[in-house]
Amino acid sequence: MKYTIQLMLLIDAKDDEMLYNNITELIGNTPILRISPEVHKLKNIELYAKLEFYNPFGSVKDRIAYGMIKEDLKDIKENGKTIIESSSGNTAKALQILAHINGITFKTVTNRIKIPEVKNILRILGTDIEELPGLSECPDPTDPNDPIRFIENMVSQEPHKYYHTAQYSNMKNRDTHYKTTGREIYEDIGTVDYFLGTLGTTGSSRGIIEYLTEKNPHLVKVGIIADKGDTIPGIRNVDEMHEVGIYEKTLYDDIITVNSLEAINGMETLIRQSGVLGGPTSGGAFWGTLKYLEEVDKSLSEKKTAVFVVCDRVEPYISYIQKRRPDFFEVETHKDTIRNLSNEELANVNTISIGEALEWVEENNPLIIDLRGNMAFRTSHIPNSINITDNYFEELIDAGIPFSNNILVMLVCPVGEKSNKFVALMKKKGFDAYSLEGGIVSWRDAGYPMKPLNLKKKEQAVI
């Protein structure tokens, strides 16, 4: 069945066209919506949104979850294998449902899942979640607790037990979107001049781009990533792209960035002006698309066509949105946050270089606050440090930090980016705070002392 613009066609369809015998028959063939020019303000570009939240489990990941396992379902089931993947969101959700309905077990291995609603959905689905402590809590091939490396070790030790879908390197990810999503877009609206895709596993953008390029060799391809050090669900930042095996940098004419506030602003526009209930990822795609096309539009003398993808829905991200836009929830908006610091404030952060860090700590005895997750802290940390996770530390700063601004403080995060932002904010509030350059990864690589948590001693996890 072919959708073109909106749900109305479904309503008008004959009853026998709406009968399905298996939920997997509902994967794909999603609608594509023309965004009104009154919303996007572009004079020479027709803008379309591919509405992937119409997939049965709610996201674009439904396609690849099924695409990666459907040819091997019989073998997986007959041999009692467990499907295993590194995912903290939509891929895990889709794989779990597909595993359930086929009588197969599923396990996801991840670092810290930062959005509680997403974790709770996986729990409702009965997902076996293994959260690794992760020394650095960011992609780190040298870390034995990096989820992908961890899974590869598990599979190599028991190859007959697991079926690793490997979404970051499995070409079935790309192939699925080439054969379905890209083809659907072309069949519905014809030749596309601009495609703008958010980059997560990069399978959707690569598959769509490669199909559309065959139809139009002059297609302009734009990848959208998150600002350095920022977090947007489903979108990687520049430091995270190295672990994506199917990412093909030369495929893109441009790579642009959006930040989390822009993503939510884009989401707000999609919801309130177009009736599209996309989440922050979709908002980031929309915002990045407009940011890129606004300049292009000024130079055009004839009509062009552009497409972006609405990846999933807004509902699972309420806590993420509330932290960044409390005004939606009639909660007081704090004037100073780590998200509205000026470039000048960020450029004048007090830092301690890794070369002088050990001596500086020994001489000054600062209060060392480790902003990583509890599990990462428990695995290994700087002696005499305490653990206040970044989420909770942000709330503490908003509510009033429970220690004097006369205390010397050193903040530690995975690679020194988030601690920089917190130190800039603390400096505005009159605190004598410093950020450890390069974070815990640099401290570890320098060979400085680290120790696991010992609750019998003084240094204890706080939050």
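Criteria and cut-off values
Residues numbered from 1 in each chain as written. Predicted model: local features only at pLDDT ≥ 70, side-chain atom pairs only at ≥ 80, totals over all residues. Heavy atoms only, no water. Helix = DSSP H or I, 4+ residues; strand = E, 2+ residues; numbered from the N terminus. Buried < 20%, exposed > 50% of the residue type's maximum accessible area, 1.4 Å probe, protein only. Contact = heavy atoms within 4.5 Å. Patch = residues over 30% accessible without salt bridge, like charges linked within 9 Å, V, L, I, M, F, W, Y side chains within 5 Å. Areas by Shrake-Rupley, 256 points an atom, 1.4 Å probe, with all protein chains shown as cover. Salt bridge = Lys/Arg side-chain N within 4 Å of Asp/Glu carboxyl O. Lys, Arg positive; Asp, Glu negative; His and termini not counted. Charge placed at Lys NZ, Arg CZ, Asp CG, Glu CD. Pairing = 2+ DSSP bridges. Right-handed = clockwise from strand over helix to strand, strands pointing away. Phe/Tyr/Trp six-rings, centres within 6.5 Å; stacked < 30°, edge-to-face > 60°.

### A few points about the environment of Thr110
Mapped onto the secondary structure, Thr110 falls in strand β4 (residues 105-110). Look at Thr110 and you get buried, because its relative accessible area is 4%. When the C-alpha atoms of Thr110 and Glu85 are compared, they prove to be 8.6 Å apart, with 25 residues separating the residues in sequence. Apart from the residues within four sequence positions on either side, Thr110 is in contact with Ser87, Ser88, Glu130, Glu131, Leu132 and Pro147.

### What to know about a negative patch on the surface
A surface patch of like charges, here negative, comprises Glu356, Glu359, Glu362, Glu363 and Glu437. With respect to the helices, strands and loops of the structure, Glu359 is situated in helix α14 (residues 354-364).

### Here's the deal with a nonpolar patch on the surface
A surface patch of nonpolar side chains, amounting to about 220 Å² of accessible area, comprises Ile23, Leu26 and Ile101. Along the polypeptide, Ile23 turns up in the loop between α1 (8-12) and β1 (32-35).

### So, the pairing of strand β7 (residues 194-198)
Most of β7 is tucked away, with 5 of its 5 residues classed as buried. Burial along β7 is two-sided: the face carrying Tyr194, Leu196 and Thr198 and the face carrying Phe195 and Gly197 are both buried. The pairing of β7 with strand β8 (residues 220-226) spans 5 bridges and is parallel. Within β8, the position partnered with Phe195 by the bridge is Lys221. Between the parallel pair β7 and β8, the chain is carried across by helix α9 (residues 203-215), and the sense of this crossover is right-handed.

### Let's talk about the packing of aromatic side chains
By the definition in use, this model includes 9 aromatic pairs. Between the aromatic rings of Phe53 and Tyr54, the centroid separation amounts to 5.2 Å while the plane-to-plane angle is 25 degrees, which identifies the pairing as stacked. Phe53 gets classed as buried once you look at its relative accessible area, which sits at 10%. Overall, Tyr54 belongs to the partly exposed group, its relative accessible area being 35%.

### Re the sheet that holds strand β14 (residues 409-412)
With parallel pairing, the 5 strands of this open sheet are ordered in space as β11-β15-β14-β12-β13. This sheet does not close on itself; its edge strands, each paired only once, are β11 (351-352) and β13 (385-387). Examined bridge by bridge, strand β12 (residues 367-370) and β13 share 3 bridges and lie parallel to one another. Counted as the bridge partner of Ile368 is Ser385 from β13.

### Topic: unusual backbone geometry
With the exception of glycine, the majority of residues adopt a negative phi angle, and the majority of peptide bonds are in the trans configuration. Its identity is not glycine, yet Lys41 carries a phi of approximately 70 degrees, on the positive side. Secondary-structure assignment places Lys41 in the loop between α2 (37-40) and β2 (45-51). For Asn365, which is not glycine, the phi torsion reads 45 degrees and is therefore positive. In this fold, Asn365 is placed in the loop between α14 and β12.

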